Amino acid sequence: MNPMPIAGSELRPRVLIVEDEDAQAEVLRYNFEREGFDVLLAGDGDDGLFAVEEHQPDLVILDWMLPGMSGLAVCRRLRGREATRSLPIIILTARSEETDRIHGFESGADDYVVKPFSPSELVARVRAVLRRSRPALIEEVLSCGDITMDLSTHRVTRGGRSVHLGPTEFRLLRLFLEKPQRVFSREQLLDRVWGRDIHVELRTVDVHIRRLRKALGEHGDEDVIRTVRGAGYALDGMKV
Ligand code: CA
């Protein structure tokens, strides 16, 4: 049994691996993809920071020794930014001295894995960190206000009544439920719901948002999806 609710086209936890050694990066990519993760690779710190902004991974694995900016410097940079202050980060390092360990934690990393390690060990550590920091990714039921989504049965209810959603609307709502109040740009929604490699026009997002609104408001309930002019969409937290 896979402990994460991952099935087909559903949202999968997205992990960014910043590692300059191609062979190592590919081994990790293979293992994480096999375990149901969506994997992004970056070869240095600059690319890594760019990928974080562009693709909003759920967790970052940072190699300590990188060309240019070190993994530690990347970690500090991410911790210094409002948007990534609490982004889960795991640092990989060949150094195991106690001082390095302390520096690793001072940098704000959530965990620290010393090379050599087995890919399955790293996958387990990633899951443990996600379980602490992003329980929504591994929980079976998401909810906000009177809306509930059961990931194992794919059932969505509002105020106890079933809501029927198409697969795209389901994924949109799942993303919103994972981060209520957060404003997602249409580009971010495209990226997370349709995927990076698929070409879809931005206005397609509006079409599906409209369908999602309609389905959630079927029984005359208030509209909970907020349109933020020039920015995107957000699910408003509801008073219960
Ligand atoms: Ca390296």
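Higher on the page you've got the structure.
Residues numbered from 1 in each chain as written. Predicted model: local features only at pLDDT ≥ 70, side-chain atom pairs only at ≥ 80, totals over all residues. Heavy atoms only, no water.

**Considerations on the overall build of the protein chain**
On a plain count of helices and strands, the protein chain comes out with nine helices and eleven strands. The proportion of buried residues among the 240 residues of the protein chain is 48%. Within the protein chain, contacts between residues at least 6 apart in sequence are counted, and of these 59% link residues at least 24 apart. Accessible area for the protein chain stands at about 11,900 Å²; split by element, carbon and sulfur atoms hold 49% of it. (Helix = DSSP H or I, 4+ residues; strand = E, 2+ residues; numbered from the N terminus. Buried < 20%, exposed > 50% of the residue type's maximum accessible area, 1.4 Å probe, protein only. Contact = heavy atoms within 4.5 Å. Areas by Shrake-Rupley, 256 points an atom, 1.4 Å probe, with all protein chains shown as cover.)

**Some thoughts on the sheet that holds strand β6 (residues 141-144)**
Whether parallel or antiparallel, the strands of a sheet pair through hydrogen bonds between backbone atoms. The strand order across the open sheet built from four strands is β6-β7-β8-β9, with neighbouring strands paired in antiparallel fashion. The sheet terminates laterally at β6 and β9 (161-163), the two strands that pair on one side only. Neighbour-to-neighbour, the strand axes of the sheet open up by a mean angle of 25 degrees, direction not taken into account. The sheet contact formed by β6 and strand β7 (residues 147-150) spans four bridges and is antiparallel. (Pairing = 2+ DSSP bridges. Axes fitted to C-alpha atoms, helices over the stretch in contact; angles between N-to-C directions.)

**Quick word on empty space enclosed by the protein**
Tallied over the full model, the rule gives one cavity of 30 Å³ or more. Put simply, the largest cavity is a space of about 30 Å³. A per-class count over the lining of the largest cavity returns three nonpolar, two polar and three charged. (1 Å grid on protein atoms, 1.4 Å probe; cavity = no way out; pocket = protein on both sides within 12 Å on 5 of 7 lines; lining within 4 Å. Points joined across faces, edges and corners; volume = space filled by probe spheres on them. Nonpolar A, V, L, I, M, F, W, Y, C, P; charged D, E, K, R; others polar.)

**Thoughts on the nonpolar core**
Ranked by size, the top nonpolar core spans 29 residues in total, and within it Leu 173 and Leu 189 carry the most contacts. Going through the elements one at a time, β6, β7, α7 (167-178), α8 (186-194), α9 (202-216) and β11 (232-235) are the ones with two or more residues in this core. The dominant element in this core, judged by the number of residues it contributes, is α7, at six residues. Setting aside residues up to four positions removed in sequence, Leu 189 forms contacts with Leu 172, Leu 175, Phe 176, Phe 184, Trp 194, Val 205, Ile 209 and Tyr 233. Val 52, Leu 62, Leu 78 and Ile 89 belong to the second largest nonpolar core, which has 21 residues in total. (Core = buried A, V, L, I, M, F, W, Y, C linked by side-chain atoms within 4.5 Å.)

**Notes on the side chain of Thr 168**
When you line up the elements, Thr 168 lands in helix α7. Using a relative accessible area of 13% as the deciding quantity, one classes Thr 168 as buried. Those residues within four positions of Thr 168 in sequence are excluded, and the remaining contacts are Val 193, Trp 194 and His 208.

**Thoughts on the coordination of the calcium ion**
Each protein donor to the calcium ion is listed here as Asp 20 (OD), Glu 21 (OE), Asp 63 (OD) and Met 65 (O); together their distances run 2.0 to 2.8 Å. Look at where the donors of the calcium ion fall in the sequence and you get D-E-x41-D-x1-M. Here Glu 21 is found in the loop between β1 (14-18) and α1 (22-34), whereas its partner Met 65 is found in the loop between β3 (59-63) and α3 (71-79), with 44 residues between them in sequence. Under the relative-accessibility criterion, Glu 21 is labelled partly exposed at 42%. (Donors = N, O, S within 2.8 Å, 3.2 Å for Na, K, Ca; no water.)

**Focus: α3**
If you check which residues of α3 are buried, you get Gly 71, Leu 72, Val 74, Cys 75, Leu 78 and Arg 79. In a view along the axis of α3, the buried residues occupy a sector of 160 degrees, so they form one face of it. (Arc of directions from axis to C-beta.)

**A word on unusual backbone geometry**
Each neighbour pair has its own omega, and for Lys 115 with Pro 116 the value is -5 degrees, a cis peptide bond. Mapped onto the secondary structure, Pro 116 falls in the loop between β5 (111-114) and α5 (119-133). Even without being a glycine, Gln 56 presents a positive backbone phi close to 45 degrees. Considering the arrangement of structural elements, one finds Gln 56 in the loop between α2 (45-55) and β3. A relative accessible area of 13% places Gln 56 in the buried class. With a phi close to 65 degrees, His 154 is a non-glycine residue in the positive phi region. Following the sequence through the fold, His 154 ends up in the loop between β7 and β8 (155-158).

Don't take any of this as a statement about function, it's just geometry.
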